[in-house]
Amino acid sequence: MSKLYNRLEALIPEWRKERAELIKNYGKEVLSECTVAQAFGGMRGVKGMVCETSLVEPDKGLIIRGYPLLDIMDMWPEETFYLLLTGEMPDEDAKKSMMEEYDKRHHVPEYVWDVLYAMPEDSHPMAMLDTAILVMEKESTFRQWYSKGTKKEDYWKPALDDALNLLAKLPAVAAGVYRIRYKKGDLIPYIPGLDWGANYANMLGLPDPDGSFAKLMRLYLHFHSDHEGGNVSANTCHTVGSALSDPYYSVSAGLNGLAGPLHGLANQECLDWILMLMDKFNGVPSDEEIEQFAFDTLRSGKVIPGYGHAVLRVTDPRFTGFNKFGHEHLPEDPVFQTVDTVFRVVPKVLEKFSEERVKAGKNPIANFWPNVDAGSGALLYHYGLTEFQYYTVLFSVSRTMGMLSQLVWNRAVGTAITRPKSVGFKYIKDTFGK
Ligand code: HAX
């Protein structure tokens, strides 16, 4: 058994005891209320679910199991998954054991490649990734154990088995999507003994003479892994999993949500916006040119991708971390320089535009600062990953760690099926209109 399995077996009884005590002691306390505006507004700010893996503080950003992201920047993604799931920082043995698990489970069934090669040539890479995950559903240990009548207390075991299988195969599947979709030649095999992030970088097939692309990949996979429970991808995976749909169904559903332009697709749109900006002004634009371009975007009714956030009210620490990587490894790159200059200019533009919106009777923009998607694309572009439709696939490989750690945790503590109450226009009018 892996070190992860053994730790979970020891920890889960404690989690169950703690959960039972919380419900017994505080079960009747009110966590949140929900106004009519919040019900129409995507339930923003309504506290209605439990997530232990990570927390997003409006003024601090991502905190994984108590560790602020920028304090644990150098972790490898194998360690990230262990930390997300157990709440414990893995030691060298645990890290090695995670790598061995992935080595054991990395083989991708042949039919996955048949399906991917058969898809239309202009399929979106996200549609290809999600299809590949869904087609592997027949491998689900959870589904098999459930049909055999496994006890509820043991659900976490097949869920963990599916999670590790899926994570082990995902870099090869995602790299395969890249090579098939963009006709990059044969698939590149997984190298046992090489870590998860470096393996993914290697299977993409981009030149990496000094290993800094592999380094970026580890950082990228670590940074995008989780963002508490309520974001679209995690929340969708959680809801689907709560019906005891197996992890393949649940993750694929969550990633379909990540494929939306207001969520994970924003990173593709960000680089598109930066390149349009550079194209218009023939290279790295001046502050004034950026200001003009940003106002033009906003006044044409579009958003500035990579800026704003549903929860954050400061610069996303993930942006800060990527920016630091850019300054260290590619300070002369014109796309990176443009991203860096945009960071100086756009928050002020959004602030002014928000004032105009308010004068026109619209909502203010709540956050003028960059989110994770504002800077990551420039780094990928530098290393030759120029097909930006593909970027959300990279995000997906990473976010699968968050979704799966939440899912295994939920099966471990026995979270109930999700079923909030909805109301209609008539209910609102009848209740509050008198
Ligand atoms: N450009 C223009 N307008 C913006 C804006 C931006 N970057 N950010 C917010 N606004 C607008 C909203 O569209 C909204 O307008 P309406 O009331 O007319 O609908 C208004 O400001 C208030 O929005 P908010 O309260 O500040 O933000 P929301 O919680 O409603 O939305 C979003 C959060 C991330 C969706 C929003 O900031 C946005 O669309 N940003 C651009 C897209 C983007 O970067 N998405 C990636 C987010 C990170 C992520 O999940 N990655 O996966």
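Located above this text is the structure these notes cover.
Caption draft 1: The site of the ligand, seen in detail. For the ligand, the set of nearby residues contains 23 residues, the closest of which are Gly306, Tyr307, Asn363, Ala366 and Asp373. Note that an oxygen atom of the ligand is positioned 2.8 Å from one of the backbone N or O atoms of alanine 366. About the coverage of the ligand: the protein hides 77% of its 900 Å² of free accessible area. Grouping the constituent residues of the shell around the ligand by class yields 13 nonpolar, seven polar and three charged.

Caption draft 2: Representation of the pairing of strand E1 (residues 54-57) within the structure. Here E1 shows a clear split, with Ser54 and Val56 buried on one side and none of Leu55 and Glu57 buried on the other. Across four bridges, the pairing between E1 and strand E2 (residues 61-64) is antiparallel. In the strand pairing of E2, leucine 55 is matched with isoleucine 63. Count of turn residues in the E1/E2 antiparallel hairpin: three residues.

Caption draft 3: Main features of unusual backbone geometry. We note that glutamate 228 has phi near 50°; this positive angle belongs to a residue other than glycine. Secondary-structure assignment places glutamate 228 in the loop between helix H10 (212-223) and helix H11 (232-242). Phi angles above zero are rare outside glycine, and asparagine 282 is one such case at about 50°. Residue placement: asparagine 282 occurs in the loop between helix H13 (266-280) and helix H14 (287-299). We classify asparagine 282 as exposed; its relative accessible area is 73%.

Caption draft 4: Broad picture of helix H3 (residues 77-86). With 10 of 10 residues buried, H3 is to be regarded as a mostly interior element. Of all the residues in H3, the buried ones are Pro77, Glu78, Glu79, Thr80, Phe81, Tyr82, Leu83, Leu84, Leu85 and Thr86. Taken from the residues just after H3, glycine 87 is the one with a positive phi, measuring 85°.

Caption draft 5: Structural view of the packing of aromatic side chains. One pass over the structure, following the stated rule, counts 14 aromatic pairs. Aromatic pair phenylalanine 40 and phenylalanine 425: ring centres 5.8 Å apart, planes at 70°, arrangement edge-to-face. Taken together, the residues phenylalanine 40 in helix H2 (residues 36-40) and phenylalanine 425 in helix H19 (residues 425-432) connect sequence positions 385 residues apart. As far as burial versus exposure is concerned, phenylalanine 40 and phenylalanine 425 are alike and both exposed. Note on tyrosine 220 and phenylalanine 322: the rings are 5.8 Å apart at their centroids and 40° apart in plane angle, and the pair reads as tilted.

Cut-offs and rules
Residues numbered from 1 in each chain as written. Predicted model: local features only at pLDDT ≥ 70, side-chain atom pairs only at ≥ 80, totals over all residues. Heavy atoms only, no water. Near = heavy atom within 4 Å. Polar contact = N/O pair within 3.5 Å; in protein donor to acceptor, adjacent residues only side chain to side chain. Areas by Shrake-Rupley, 256 points an atom, 1.4 Å probe, with all protein chains shown as cover. Nonpolar A, V, L, I, M, F, W, Y, C, P; charged D, E, K, R; others polar. Buried < 20%, exposed > 50% of the residue type's maximum accessible area, 1.4 Å probe, protein only. Helix = DSSP H or I, 4+ residues; strand = E, 2+ residues; numbered from the N terminus. Pairing = 2+ DSSP bridges. Phe/Tyr/Trp six-rings, centres within 6.5 Å; stacked < 30°, edge-to-face > 60°.

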